[in-house]
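One letter stands for each residue in the lines below.
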There are 2 protein chains.
Amino acid sequence: MTNEPTIKEVREAAERIKPFVHCTPVLTCSSLNRMCEAEIFFKCENFQKAGAFKIRGATNAVFTLTNEKALHGVATHSSGNHGAALALAARWRGIKPYVVMPENAPQVKRGAVAGYGAEIVFCKPTLAAREESLATVVDHTGAVFIHPYNDYRVISGQGTAALELCQEVPELDIVITPVGGGGLLSGTALAVSALSPKTQVIAAEPKRADDAYRSFHAGIIIPSDNPDTIADGLRTSLGDLTFPLIRKYVRDIVTVSEEGIVTAMRLIWERMKIIVEPSAAVTLGALLTKAPQFSGKRIGVILSGGNVDLAHLPWIEKTVEQ
Amino acid sequence: MTNEPTIKEVREAAERIKPFVHCTPVLTCSSLNRMCEAEIFFKCENFQKAGAFKIRGATNAVFTLTNEKALHGVATHSSGNHGAALALAARWRGIKPYVVMPENAPQVKRGAVAGYGAEIVFCKPTLAAREESLATVVDHTGAVFIHPYNDYRVISGQGTAALELCQEVPELDIVITPVGGGGLLSGTALAVSALSPKTQVIAAEPKRADDAYRSFHAGIIIPSDNPDTIADGLRTSLGDLTFPLIRKYVRDIVTVSEEGIVTAMRLIWERMKIIVEPSAAVTLGALLTKAPQFSGKRIGVILSGGNVDLAHLPWIEKTVEQ
């Protein structure tokens, strides 16, 4: 797919991935509504296969490949959810997945990727080492590179969560997603703009990794350099395919402090009794600011994932696993 | 209500509480199915109002009262979910709740009960002190005592969770609930026996608080004396109203070690991305034993509640709240 995707590609993706992924539930929570002074509809991608929305884009990309293309497998670089998602999608297709991971990736993430049957290639934790390792893998194996977000097949797949949300909850005033590399945000924005033109799409981003905020306002991509935020899924910077879609369809980007992210995450755990990762909680963090633009509105929130190391929680110090 | 309840009373309770409580979702999890070698349907009462099934019985009891009876409020003793549930139900009815709590009750539980507007009366942490304090409260205020479980109105209310489960998931082979005082178990058992006579009802109980197991096999109530288990909702002993119903309708009681409870709780958090309390996880703990009676069966599990102190998790040592 070389042309910018439209709602047609999102609909095709939805059909393609339907046999594999969950249509996740939409939950509400009266106490969070009261706290945010808004009516919030949480699309629970933390309940998704492999624990995050990433399986949508990965599955769409993997099943878009011709048999000939798919023959030698798929490869990616990822220290997180995309690696696990691509491995699972490849297993469904019956092809080999290769995942390049930094050698300092947490054990829990290595375990998830290995558990889905991927061959892991470790590299030094730098951008250059990662790209070199990936190039070597692709070179040696003939695997197809599936980028975590800067890929139209992936973007179309990620848009399917918003497609389901708009079908289940009509007349939303706003849809909020987190933004890291922009795959979920751009897919969501293009889907929502087609399905519900009056609905604004707004992104939530960690203050400490605010490349999307700065890029959005500058009109050019300004990448973050190794940003340090607890929202480990949002440390990446926008890509040259996601950025134009975001400029075209996204209304605003709101930044959230680290403390705001942790507070929001704990509130979701406490009040909704569901487990979300910091990258998902940044959305509620934005709403908890009670900015005037959210007041009294019907707001769809994409809770992007729930992959957390339960032995290390941000509100507990000095954790020692038993 | 002085006669033993039947499915008629459970149906009436369901109508009575419908405007107030959630019809909670039923979730499934393919990896837990694989691990237990069974097909499990989790009825998520952790998503219920006030975080547990207890609101069903409390609401039924409170709304069964005549205006005259209700005039002076309701009272109970509880260090846990029933106190919060009764307080919330009383708020809905617009009457005053009094809750007797041991002075060593955890801050998080006091906060929940107070947060729903109850007047808390603290007592020494002994059975005698608790009963004396309660009698004094009832005497001074004229409030109606609503027992946490040994009350037919409460039992009928608790049975409504199983009523919903049987309506949503037909042809279950087994339904499992935790057992503490037996309110949920007896209500579930009488509902299931009427709605789906072929379905067996089985209870799961902590080994360290196995009064129901021992009473069930002895044929007389043998209370536990201050049992020490992480499943704080299951430290109570059977009552003289719950025990006969359990003898009549329950097929078996399975006990689970403390380690088994914690393992099950963590698995539910990790795999299902939902928060359950130890008392709820004892059910999966029973299934993880892979006893032959569960093999290949369609099993309904009532996940009874999700009220956990997130700063103190059983798999994390030396926790210090930030």
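Residues numbered from 1 in each chain as written. Chains lettered and ligands numbered in written order. Predicted model: local features only at pLDDT ≥ 70, side-chain atom pairs only at ≥ 80, totals over all residues. Heavy atoms only, no water.

1. Some remarks on the interface of chain A and chain B
For step 1, the next point in the chain: The partner chain B presents 27 residues to the 26 residues of chain A that form the contact.
For step 2, the next point in the chain: Between chain A and chain B lies a buried interface of about 2400 Å² when both sides are counted; carbon and sulfur atoms form 56% of it.
For step 3, the next point in the chain: The interface formed by chain A and chain B holds 0 salt bridges in total.
For step 4, the next point in the chain: Taken together, the links from chain A to chain B amount to 10 residue pairs in polar contact (both at pLDDT 80 or more).
For step 5, the next point in the chain: Elements that contribute at least two residues to the side of chain A that touches chain B include exactly α12 (258–272), β11 (316–317) and β12 (320–321) of chain A.
For step 6, the next point in the chain: Class assignment of the residues belonging to the side of chain A that touches chain B gives a composition of 12 nonpolar, 7 polar and 7 charged. (Contact = heavy atoms within 4.5 Å. Buried area = accessible area lost by both parts, 1.4 Å probe. Salt bridge = Lys/Arg side-chain N within 4 Å of Asp/Glu carboxyl O. Polar contact = N/O pair within 3.5 Å; in protein donor to acceptor, adjacent residues only side chain to side chain. Helix = DSSP H or I, 4+ residues; strand = E, 2+ residues; numbered from the N terminus. Nonpolar A, V, L, I, M, F, W, Y, C, P; charged D, E, K, R; others polar.)

2. As for the packing of helix α1 (residues 7–17) of chain B against helix α9 (residues 183–195) of chain B
For any two helices packed against each other, one specifies the crossing angle of their axes together with the interaxial distance.
Residue and element names in this part refer to chain B.
For step 1, the next point in the chain: At a minimum axis separation of 9 Å, α1 and α9 run at an interaxial angle of 110°. Taken as axis vectors, α1 and α9 run roughly perpendicular relative to one another. Every residue of α9 that contacts α1 at Ile7, Val10 and Arg11 is listed here: Leu190, Ala191, Ala194 and Leu195.
For step 2, the next point in the chain: Class assignment for the residues of the contact of α1 with α9 results in 6 nonpolar, no polar and 1 charged. (Axes fitted to C-alpha atoms, helices over the stretch in contact; angles between N-to-C directions. Parallel < 35°, antiparallel > 145°, perpendicular 65-115°, else oblique.)

3. Considering the pairing of strand β8 (residues 200–206) of chain B
Residue and element names in this part refer to chain B.
For step 1, the next point in the chain: Here β8 lies mainly inside the structure; 6 of its 7 residues are buried.
For step 2, the next point in the chain: Where strand β7 (residues 174–178) and β8 come together, 5 bridges link them in parallel fashion. If you follow Val175 over to β8, its bridge partner there is Val201.
For step 3, the next point in the chain: Of the pairings in the sheet, the one linking β8 to strand β9 (residues 252–256) comprises 5 bridges and is parallel in character. Opposite Pro206, over in β9, you have Val256 as the bridge partner. (Buried < 20%, exposed > 50% of the residue type's maximum accessible area, 1.4 Å probe, protein only. Pairing = 2+ DSSP bridges.)

4. Side note on the domain arrangement of chain A
All names here are of chain A.
For step 1, the next point in the chain: The domains assigned to chain A are domain 1 (7–52 + 152–321) and domain 2 (55–145).
For step 2, the next point in the chain: Each of domain 1 and domain 2 has a C-alpha centre, and these two points are 23 Å apart.
For step 3, the next point in the chain: With 25 residues of domain 1 at the interface, the matching set in domain 2 holds 16 residues.
For step 4, the next point in the chain: Of the roughly 1800 Å² buried where domain 1 meets domain 2, counting both sides, 59% is carbon and sulfur surface.
For step 5, the next point in the chain: Contact with domain 2 buries surface across domain 1, with Arg16, Phe20 and Arg153 losing the most and accounting together for 36% of the total.
For step 6, the next point in the chain: Linking domain 1 with domain 2 are 3 salt bridges.
For step 7, the next point in the chain: Elements supplying a minimum of two residues to the side of domain 1 that touches domain 2: α1 (7–17) and α8 (152–168).
For step 8, the next point in the chain: No other element matches the 8 residues that α8 contributes to the side of domain 1 that touches domain 2. (Domains from an automatic or database assignment.)

5. Section: the relation of the copies chain A and chain B
For step 1, the next point in the chain: By a simple turn and slide, chain A fits onto chain B: the slide is 0.0 Å along the axis, the RMSD is 0.0 Å, and the turn is 180°. Taken together, the rotation angle and the small translation identify this as a two-fold axis. In terms of proximity to the rotation axis, the leading residue of chain A is A:Ile274, whose C-alpha is 2.1 Å off the axis.
For step 2, the next point in the chain: By residue overlap, the copies meet face to face through one surface: 100% of the interface positions of chain A are interface positions in chain B. (Least-squares fit on C-alpha atoms with pLDDT ≥ 70 in both.)

6. Comments concerning the environment of A:Leu287
All names here are of chain A.
For step 1, the next point in the chain: When you line up the elements, Leu287 lands in helix α13 (residues 278–288).
For step 2, the next point in the chain: Residues Leu287 and Ile176, 111 residues apart in the sequence, show an inter-C-alpha distance of 9.2 Å.
For step 3, the next point in the chain: Setting aside residues up to four positions removed in sequence, Leu287 forms contacts with Cys36, Ile40, Ile176, Phe294, Ile299 and Val301.

7. Details of the pattern of salt bridges
For step 1, the next point in the chain: Applying the stated rule across the entire model yields 29 salt bridges over all chains.
For step 2, the next point in the chain: The shortest N-O distance in the salt bridge between B:Glu164 and B:Arg56 comes to 2.9 Å. Here B:Glu164 is found in helix α8 (residues 152–168), whereas its partner B:Arg56 is found in helix α3 (residues 54–64), with 108 residues between them in sequence. Each of the two residues, B:Glu164 as well as B:Arg56, counts as buried.
For step 3, the next point in the chain: What emerges from the salt-bridge pattern is a single network uniting A:Lys43, A:Glu45, A:Arg56 and A:Glu164.

8. So, the sheet that holds β9(B)
All names here are of chain B.
For step 1, the next point in the chain: Overall, mixed pairing links the 6 strands, which are arranged β1-β2-β10-β7-β8-β9 in an open sheet. Looking at which strands have only one partner, the edges of the open sheet turn out to be β1 (26–27) and β9.
For step 2, the next point in the chain: When β7 meets strand β10 (residues 298–303), the two strands line up parallel, connected through 3 bridges. Bridge pairing in β10 links Ile174 to Ile299.

9. Details of α8(B)
A turn of α-helix holds 3.6 residues, and therefore any two residues three or four places apart point the same way.
For step 1, the next point in the chain: In this model α8(B) runs 25 Å from its N-terminal to its C-terminal C-alpha over 17 residues, within 8% of the 24 Å that 1.5 Å per residue would give.
For step 2, the next point in the chain: Most of α8(B) sits out of view: 15 of its 17 residues are buried. (Expected span 1.5 Å × (residues − 1).)

10. Comments concerning the packing of aromatic side chains
For step 1, the next point in the chain: Summed over all chains, the structure comprises 7 aromatic pairs over all chains.
For step 2, the next point in the chain: For the pair A:Phe20 and A:Trp92, a centre-to-centre distance of 5.2 Å together with 20° between the ring planes defines the contact as stacked. With A:Phe20 in the loop between α1 and β1 (26–27) and A:Trp92 in helix α5 (residues 81–93), this residue pair connects regions lying 72 residues apart in the sequence.
For step 3, the next point in the chain: Judged by relative accessible area, A:Phe20 falls into the partly exposed class, the value being 21%.
For step 4, the next point in the chain: Aromatic rings pair up to connect A:Trp269, A:Trp315, B:Trp269 and B:Trp315 into one cluster. (Phe/Tyr/Trp six-rings, centres within 6.5 Å; stacked < 30°, edge-to-face > 60°.)

11. Overview of the sheet that holds strand β10 (residues 298–303) of chain A
Across a sheet, paired strands are connected by hydrogen bonds in the backbone, their directions being either parallel or antiparallel.
All names here are of chain A.
For step 1, the next point in the chain: Taken together, the 6 strands give an open sheet; going across it, the order is β1-β2-β10-β7-β8-β9, and neighbouring strands pair in mixed fashion. Unpaired on one side and paired on the other, β1 and β9 (252–256) mark the two borders of the sheet.
For step 2, the next point in the chain: The strands touched by helix α10 (residues 211–218) are β8 (200–206) and β9; relative to β9, the strand with the most contacts, the crossing angle is about 145°.

12. Thoughts on the environment of B:Gln167
Residue and element names in this part refer to chain B.
For step 1, the next point in the chain: Residue position: Gln167 is located in helix α8.
For step 2, the next point in the chain: On the accessibility criterion, Gln167 (58% relative accessible area) is exposed.
For step 3, the next point in the chain: The spacing of Gln167 and Lys248 is 81 residues in sequence and 23 Å in space, taken between C-alpha atoms.

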